[in-house]
Amino acid sequence: MESTQKKSSDSRVHRSDRTKQIFALVSMVSFGGSAIFGIFSLFSSGLSSQHQQKPTPVAVSQESLLAAQERGYETVLQREPQNQTALEGLANVRLQMNNKVGAIEPLEKLVKLNPDRADYKVLLGQVKGK
């Protein structure tokens, strides 16, 4: 009787081991297939993107950038008329745009707000042509 139980127990263990081996094999094949598919997709998308023409970026002119900066500083100054950073930025942008007349107003405000700053006075004098 013991031998039948032992044989039965051995066969269960053998079936259990066999099931584990099959499951491990299926798992490895699935993982390998997924990895190969992923690598193939990566390379195929990389190759196809090399052959496609890339759209050329829209060239933005320096003048339009300066105009956008000018509008930004003006917007800040509408809310905070004495914002020194915005006044200085507006004056610099207008000078870069060769708008000396437009740069005079923010420079005058800067001189009023900072009477001890000689650089603002000098720049204002240069812009006015004195």
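None of the values given here were measured: they were computed from a predicted structure.

Draft legend 1. Expanded view of helix H4 (residues 100-113). The terminal C-alpha atoms of H4 lie 20 Å apart, and with 14 residues this matches the ideal 20 Å at 1.5 Å per residue to within 8%. Along H4, the residues classified as buried are Gly102, Ala103, Ile104, Pro106, Leu107, Leu110 and Val111. Where H4 is buried, its residues touch helix H3 (84-96) and helix H5 (118-128).

Draft legend 2. View of the side chain of Asn114. You can see Asn114 is positioned in the loop between H4 and H5. Residue Asn114 is classed as buried on the basis of its relative accessible area, which comes to 12%. In terms of polar contacts, Asn114 uses its side chain to reach the side chain of Gln84, at 3.2 Å. With residues near it in sequence (within four places) discarded, Asn114 still touches Gln84 and Tyr120.

Draft legend 3. Quick peek at the pattern of salt bridges. Counted according to the given criterion, the structure contains five salt bridges. Its salt-bridge partner being Glu70, residue Arg94 comes within 2.9 Å of it at the nearest N-O pair. Placement of Arg94 in helix H3 and of Glu70 in helix H2 (residues 62-79) is noted, with a sequence separation of 24 residues between them. We note a salt bridge from Lys109 to Glu105, for which the minimum N-O separation is 3.8 Å. Placement of the pair is Lys109 and Glu105 together in helix H4, with a separation of four residues, close to one helical turn. A residue is classified by how much of its surface remains accessible, and Glu105, at 47% relative accessible area, is partly exposed. It is possible to trace a salt-bridge network through shared partners that takes in Glu70, Glu74 and Arg94.

Procedures and definitions
Residues numbered from 1 in each chain as written. Predicted model: local features only at pLDDT ≥ 70, side-chain atom pairs only at ≥ 80, totals over all residues. Heavy atoms only, no water. Helix = DSSP H or I, 4+ residues; strand = E, 2+ residues; numbered from the N terminus. Expected span 1.5 Å × (residues − 1). Buried < 20%, exposed > 50% of the residue type's maximum accessible area, 1.4 Å probe, protein only. Contact = heavy atoms within 4.5 Å. Polar contact = N/O pair within 3.5 Å; in protein donor to acceptor, adjacent residues only side chain to side chain. Salt bridge = Lys/Arg side-chain N within 4 Å of Asp/Glu carboxyl O.

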